Amino acid sequence: MSKLWTLYYREMLEAVRSYKLIWIPVVFIILGIMQPLVTFYMADILAASSNVPAGFMDSYEMPGAAAVMAQALGQYGTIGILILVLGTMNSLAGERSSGTAELLMARPVSPVSIVVAKWAANFTVLIIALVLGVAGAAYYTVQLMGGLAWGAVAAASGLYALWLLCAVSLTLLFSAWLRGPAAAGFALLLAAGMSLAHSLLPSRTAWLPAALPGMSASVLAEGRVTGGPMISAALLIVACIAGASLLVRRNKLPN
Amino acid sequence: MDKVNWGLIAPLLALQILLAVVGLISLARTEQVRGPKWMWVLLLVFGNLLGSIAYFTLGRKEL
């Protein structure tokens, strides 16, 4: 356990040194507060762009607080996921190419603890970024649009965190196998593929982890939550960690 | 745009500047980046959010 803790500490130190622990949360906060701001000033922005037909603005209605919050979370489903995946893609691949992996493997640490430590570090960055981002988005939404149901915001963020964690875990799995950019490409492709499958056949794929963003938005609109996507997401994450550990073990040097 | 409340927008600007400054510090302390350094300086200073994201994700060779 203390070995795992040491590895995790090393990963977090690396996240600080590579500025990941700063830039990813800052980008998430910017994305979060931009959404309510842009929505609030949409009428002004459109008016300033001058080629809006007369009378168009009369039909513009300010969306409610819950809708704006759902849109802000939606930002994390597009740009946010891209940033997290690009930030994770080198966690195992980079060590392989720089030779750190051999150094690490020569020591008596198990592949599982290496992968779990990396996964936990990436999870920590994700949670810090999402909590700060959601806090920023919620603060601006409350200031500009009106009150939010805090329980629903927390539940919706939790569901979104699970979906983002799926993407991060997939990246880690591919990162144990391929070079960084290819790993990011495959992980994004799989996440996008799942989202596409879910949007084409929502009733048959309601159990997929890709249903989580939709469920997150519906929670904000006081919708219901089903357990299926959460269970499949948890299974996917465990499978990714196990798969990545096996791949790391395969690369282990013979004694 | 005379009713724009700068108190609302200032934190956004501050965060963008923070991001660019962190990027510039990182750029100054690293030796190898993909492409010429002056290009990244321009992107960080004038590229807003996307310029900074591009630098942090694509610009640096893995540490």
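It should be emphasised that the depicted structure is a prediction, and the values quoted were computed from it without experimental measurement.

Parameters and conventions
Residues numbered from 1 in each chain as written. Chains lettered and ligands numbered in written order. Predicted model: local features only at pLDDT ≥ 70, side-chain atom pairs only at ≥ 80, totals over all residues. Heavy atoms only, no water. UniProt positions renumbered as here; feature names shortened; annotations may be inferred. Helix = DSSP H or I, 4+ residues; strand = E, 2+ residues; numbered from the N terminus. Contact = heavy atoms within 4.5 Å. Buried area = accessible area lost by both parts, 1.4 Å probe. Salt bridge = Lys/Arg side-chain N within 4 Å of Asp/Glu carboxyl O. Polar contact = N/O pair within 3.5 Å; in protein donor to acceptor, adjacent residues only side chain to side chain. Nonpolar A, V, L, I, M, F, W, Y, C, P; charged D, E, K, R; others polar. Buried < 20%, exposed > 50% of the residue type's maximum accessible area, 1.4 Å probe, protein only. Disulfide = S-S within 2.5 Å.

### A word on the UniProt feature "transmembrane region" (unreviewed entry) in chain A
All names here are of chain A.
- Mapped onto the present numbering, the UniProt feature "transmembrane region" (unreviewed entry) falls at residues 21-43, 63-86, 119-142, 148-174, 186-207 and 227-248.
- Helix makes up 100% of residues 119-142 and strand 0%, and the two end C-alpha atoms of the span are 34 Å apart.
- With 68% helix and 0% strand, residues 186-207 has its two end C-alpha atoms placed 22 Å apart.

### Some details on the interface of chain A and chain B
- With 24 residues of chain A at the interface, the matching set in chain B holds 23 residues.
- Across the chain A to chain B interface the summed buried area is about 2100 Å²; carbon plus sulfur atoms make up 80%.
- Seen at the junction of chain A and chain B, the total is 0 salt bridges.
- Applying the counting rule to chain A against chain B returns 1 residue pair in polar contact (both at pLDDT 80 or more).
- Among the elements of the structure, α1 (2-17), α2 (20-40), α3 (42-48), α4 (65-88), α5 (90-98) and α7 (111-144) of chain A are those that each provide at least two residues to the side of chain A that touches chain B.
- Top contributing element to the side of chain A that touches chain B by residue count: α2(A), with 10 residues.
- Split by residue class, the side of chain A that touches chain B holds 18 nonpolar, 3 polar and 3 charged.

### Notes on helix α3 (residues 48-59) of chain B
- Counting buried residues in α3(B) gives 9 out of 12 residues, a clear majority hidden from the surface.
- Where α3(B) is buried, its residues meet α2 and α4 of chain A together with α1 (6-29) and α2 (37-46) of chain B.

### Things to note about unusual backbone geometry
- Even without being glycine, A:Y19 reaches a positive phi, approximately 65°.
- Residue position: A:Y19 is located in the loop between α1 and α2.
- Its identity is not glycine, yet B:N48 carries a phi of approximately 55°, on the positive side.

### Overview of the environment of A:P25
All names here are of chain A.
- Structurally, P25 is set in helix α2.
- C-alpha of P25 to C-alpha of L246: the two residues are 221 residues apart in sequence and 31 Å apart in space.
- Residue contacts for P25: discarding those within four places in its chain leaves K20, I128, A129 and L132.

### Looking at the state of the cysteines
Residue and element names in this part refer to chain A.
- Applying the stated criterion across every chain yields a total of 0 disulfides over all chains.
- Cysteine C166 shares no disulfide, and the gap to the nearest cysteine sulfur, in C240, comes to 7.6 Å.
- When its relative accessible area of 1% is taken as the criterion, C166 is described as buried.
- C240 sits in the buried class, given a relative accessible area of 2%.

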